[in-house]
Amino acid sequence: MNKRGILLVISGPSGVGKGTVINKLFDIDDNLYFSVSATTRSPRPGEVDGVHYSFKTREEFERDIENGEMLEYAEFGGNYYGTPKSAVEKKLAQGKDVVLDIEIQGARNVKRLMPEAVTVYILPPDMTELKNRLVGRKTEDESAIKVRIETAYKELREAPKLYDFFVVNDTVDSAAAKIENILEAKRCGKTAMETALKQILEEVDSLA
């Protein structure tokens, strides 16, 4: 019996540590599949194509949009970011829980197309800590960091209307454990159990 997987959307402001929390989540849960986002931006130092992102030209990305191959997409800072649809659907059908690390605009599109998706927004302990983390990355200048902070304020005002759960990333272990608890609760929820029971009864009927 193969239950359909859960689509888990994880978002949060830049610098909040989403990637680190997601990596820890994969350490404690072996039923997860990470959906690699596609983007037209250039790789940062250490990023590997097909692992951190699927790096595409603008022409390739726009062709995928035209062909309906993106579950969601958005444009930020002159670059496209999006989620290829086919891999997500395949893994969900196999019973894998699929993790999307996407921005709030993409999360809104996913929730519209797949309302059963579970959405989690990761919060920093406070905004001072968020700024410290952005500065500590040493990947952007002061003006870019200012834009990131302003974007974070805007997202925090919008997030309560969209996200099902909020998790504070005070420590990586704690944040990952809370998200795993959310997944466990969803796996044992009424809808999941009704689906499982229906499949069991169908198997019983076929043996009768």
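Here the structure is a predicted model, which means the values were calculated and not measured.

1. Overview of the overall build of the chain
So, step 1. Across its full length, the chain holds eight helices and nine strands.
So, step 2. Taking 17 Å as the expected radius of gyration for a compact globule of 208 residues, we find that the chain reaches 18 Å, a close match to that expectation.
So, step 3. Of the contacts made within the chain by residues no fewer than 6 positions apart, 67% connect residues no fewer than 24 positions apart.
So, step 4. Carbon and sulfur atoms provide 52% of the accessible area of the chain, an area that totals close to 11,600 Å².
So, step 5. Both charge centroids of the chain, one from 30 positive and one from 35 negative side chains, sit 3 Å from each other.

2. Describing the packing of helix α1 (residues 18-28) against helix α7 (residues 172-187)
A pair of packed helices can be characterised by two numbers: the angle between their axes and the separation between those axes.
So, step 1. Remark: α1 packs on α7, axes separated minimally by 9 Å, with the N-to-C direction vectors making an angle of 60 degrees. Taken together, the axes of α1 and α7 lie oblique to each other. Relative to α7, the crossing made by α1 is right-handed. From α1, Thr20, Val21, Lys24, Leu25 and Ile28 reach across to α7, where they touch Val172, Asp173, Ala175, Ala176, Ala177, Ile179 and Glu180.

3. Remarks on the nonpolar core
So, step 1. Residues Leu8, Ile10 and Ile179 are the most contacted members of the largest nonpolar core, which totals 23 residues.
So, step 2. At the level of secondary structure, the elements contributing two or more residues to this core comprise β1 (7-11), α1, β8 (118-123), α5 (127-137), α6 (142-158) and α7.
So, step 3. Broken down by element, this core gets its largest block of residues, five residues, from α7.
So, step 4. Once residues within four sequence positions are removed from consideration, Leu8 is found in contact with Leu25, Val98, Val99, Leu100, Val118, Val120, Ile179 and Leu183.
So, step 5. Of all hydrophobic cores here, the second largest spans 17 residues; its members include Ile102, Val110, Met114 and Ala159.

Parameters at a glance
Residues numbered from 1 in each chain as written. Predicted model: local features only at pLDDT ≥ 70, side-chain atom pairs only at ≥ 80, totals over all residues. Heavy atoms only, no water. Helix = DSSP H or I, 4+ residues; strand = E, 2+ residues; numbered from the N terminus. Rg over C-alpha atoms; globule rule 2.2 N^0.38 Å. Contact = heavy atoms within 4.5 Å. Areas by Shrake-Rupley, 256 points an atom, 1.4 Å probe, with all protein chains shown as cover. Lys, Arg positive; Asp, Glu negative; His and termini not counted. Charge placed at Lys NZ, Arg CZ, Asp CG, Glu CD. Axes fitted to C-alpha atoms, helices over the stretch in contact; angles between N-to-C directions. Parallel < 35°, antiparallel > 145°, perpendicular 65-115°, else oblique. Left-handed = near helix turned anticlockwise from the far one by under 90°. Core = buried A, V, L, I, M, F, W, Y, C linked by side-chain atoms within 4.5 Å. Buried < 20%, exposed > 50% of the residue type's maximum accessible area, 1.4 Å probe, protein only.

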